[in-house]
Amino acid sequence: MEKWSLMTITVLLALTVRWAVSLGSYSGAGKPPMYGDYEAQRHWQEITYNLPIRQWYFNTSDNNLLYWGLDYPPLTAYHSFVCAYIAKLINPDWVALHTSRGYESQPHKLFMRTTVFVADLLVYIPAVILYCFSLKETSAKKKASTCALCILLYPGLILIDHGHFQYPLSLGLALWAVLFLSHDWDLLGSVAFCLALNYKQMELYHSLPFFCYLLGKCFKKGLKGKGLVLLAKLAGTVLLSFAACWLPFGTDVEQIMQVLRRLFPIDRGLFEACMFSSPTHCPDKVANIWCSLSVLVKIKNVISPRTQLKLSFAVTFLSLLPACIKLTVQPSLRGFKFALVSCALSFFLFSFQVHEKSILLVSVPVCLVINEIPFMATWFLLVSTFSLLPLLQKDELLLPYAVTTPAFLAVCLASFSILEKTSAEDLQLKAFSLSLKGYVSWFKSFPRIVRSLFLLSLALMGALSVLSAALPPPQRLPDLFPVAVAVVSCLHFLLFLLYFNVVILWDSKNRGHKKIS
């Protein structure tokens, strides 16, 4: 009973923080004509409820795709329809075709916020709780609750879901998939991940680790025996899951092609939100390599969109290849979780049409290893939240940011004593340090160096946060602070990518994790 009491308190605290954040502003509040992501979600409810399925993804007189046209997979559309059905019962004006555009009221805000709470309670939070209880390293009941508390108080996800406005369903389903795989329920894990992918196509960030881990298991079992049977079952499960999700669209090839064109608008080129027209102007600031380089070199002006796409694909593929090969050859749950981090970070840094919110696809896998590398995980999660600062400032969420971020750091300090977990062994770098023995003399002072860098990083992020909030930028450089946030965050992420790949490639023993049989 004690473990459930602690976990209940943890969940109540997490819900309280979410409720407090939800009281504030949301994306695009009172900002016509496009408003923001809140209006996008409301508009999708309007479209899915009032129009037949065959028109959901097509430009018509009733569905102007230039005004928040549906550009997520079918499960998002089905979810919007369910929410719209409930909304229609409460107040038909909320989803009335055409006339509800830009609808804003306190009752409607309460309804929309409640739909996010329900998604959190039904999908994301249960997955986090069960995952923390399943950790072998957290045999002590207190450890499970403290681990869950750190994950559930991660400010980046709270501020985006309950502040900016977004549903946590795809990330929650991906967590369920990881949980199922950790119990060797591979078919259920495949179903859960297929659902996540069919809710948001950005789950492709996690697709290769899932594929390589399961393929590696099949190889280990032998492709002439149990491995072949498992491979056939997995293939059948994936095909059936996709068929079920796409069934309403499967009767018409043109329908399928139109949905795919909406999901992957590759003709736009490399940039989605980070099209820096000049070093002094950038509408949205994404902390990836292309947006950071565009401050100095206007990539979109010197490279054609098709070449941008090829370049992005090549760099992304090469950056995630080592982790994927290692996971396929030596499949382990630990390697799988670290590969989720590494591959998602490679996608975020190097792939095309990246949104600043996509960093959450890296952060959630980092949460899964916070019990193994608490220092580095906490550091990464702080940087990822910091990278969202320009978006949060635009949505008037600086106060929640200023409260939740230090609170999260304090919880991690109290739960894991992270400043004491900076040795090579604590950072999972012992094997790497042994390989450098005799070559790098300063490795003995590594813990002190890492702590100093961490404190310097905190000071830099804190200073930029205060400057962004308190000082107007120079007239000649109106986006000075957002660009600085993006570049500083990108440099951090590049170093984290190197770190996670070193951990993966030098981990030959897969300590503490059951072997694949």
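As the structure is a computational prediction, the values presented were derived from the model and not from experiment. The written sequence of each chain sets the order in which its residues are numbered from 1. A pLDDT threshold of at least 70 governs which residues receive local features in this predicted model, and a stricter bar of 80 or more applies before side-chain atom pairs are shown or counted, although totals over entire chains, interfaces and linings include all residues. No hydrogens and no water enter the side-chain calculation; it runs on all heavy atoms of the structure.

Asker: When you look at the overall build of the chain in this model, what are you seeing that I'm missing?
Answerer: Under the scheme used here, helices are H or I runs from DSSP no shorter than 4 residues and strands are E runs no shorter than 2 residues, and both carry numbers assigned from the N terminus. Along the chain, the regular secondary structure elements total 21 helices and zero strands. It is over C-alpha atoms that the radius of gyration is taken, and the globule rule equals 2.2 Å times the number of residues to the power 0.38. At 23 Å, the chain has a C-alpha radius of gyration in line with the 24 Å of a compact globule built from 517 residues. Considering only C-alpha atoms, the chain reaches an extent of 70 × 65 × 60 Å along its principal axes. Using a 1.4 Å probe on the protein chains alone, a residue whose accessible area is under 20% of its type maximum counts as buried, one over 50% counts as exposed, and one in between counts as partly exposed. When the 517 residues of the chain are sorted by exposure, 56% land in the buried category. Looking at the chain alone, contacts between residues at least 24 apart form 77% of all its contacts between residues at least 6 apart. Residues count as neighbours in contact if any of their non-hydrogen atoms are within 4.5 Å of one another.

Asker: What is the right way to read the packing of helix H9 (residues 207-246) against helix H14 (residues 333-350) from this model?
Answerer: Any two packed helices are characterised by how steeply their axes cross, that is the angle between the axes, and by the distance between the axes. Direction vectors running N to C along H9 and H14 enclose 155°, while the axes themselves pass 8 Å from each other. Classified by the angle between their axes, H9 and H14 sit roughly antiparallel to one another. Pair H9 / H14 crosses with right-handed handedness. Every residue of H14 that contacts H9 at Pro 209, Phe 210 and Tyr 213 is listed here: Leu 333, Phe 336, Ala 339, Leu 340 and Cys 343. Looking at the contact of H9 with H14 residue by residue, the classes come out as eight nonpolar, no polar and no charged. In this analysis an axis means a line fitted to C-alpha atoms, helices contributing only their contacting stretch, and an angle means the value between N-to-C directions, from 0 to 180 degrees. Each angle is binned into one of four classes, with values under 35 degrees roughly parallel, values over 145 roughly antiparallel, values of 65 to 115 roughly perpendicular, and all other values oblique. A crossing counts as left-handed when the near helix is turned anticlockwise from the far one by less than a right angle, and as right-handed when that turn is clockwise. Each residue is assigned to one of three groups, with Ala, Val, Leu, Ile, Met, Phe, Trp, Tyr, Cys and Pro labelled nonpolar, Asp, Glu, Lys and Arg labelled charged, and all others, Gly among them, labelled polar.

Asker: Quick question: what am I supposed to make of unusual backbone geometry here?
Answerer: Negative phi characterises most residues that are not glycine, and trans characterises most peptide bonds. In this chain, Pro 32 is followed by Pro 33 through a cis amide linkage whose omega measures 5°. A positive phi angle, close to 75°, is found at His 98, a residue other than glycine. Along the chain, His 98 turns up in the loop between helix H3 (74-90) and helix H4 (106-134). For Gln 428, which is not a glycine, the phi torsion comes out positive at approximately 60°. Relative to the helices and strands, Gln 428 is located in the loop between helix H18 (398-416) and helix H19 (430-435).

Asker: Would you mind showing me how to read the nonpolar core here?
Answerer: Nonpolar side chains in soluble globular proteins tend to be buried together. Within the largest apolar cluster, 155 residues are counted, with the highest numbers of intra-cluster contacts made by Tyr 124, Phe 348, Val 362, Ile 370, Phe 380, Phe 493 and Phe 496. Those domain boundaries reflect an automatic or database domain assignment. Both domains that meet at this core, namely domain 1 (168-264) and domain 2 (265-507), each give it at least three residues. The contact partners of Val 362, leaving out residues within four places of it in the chain, are Val 341, Ala 344, Leu 345, Phe 348 and Phe 380. Here, nonpolar core refers to any group of buried Ala, Val, Leu, Ile, Met, Phe, Trp, Tyr and Cys residues whose side-chain atoms link them within 4.5 Å.

Purely geometric numbers; function is a separate question.
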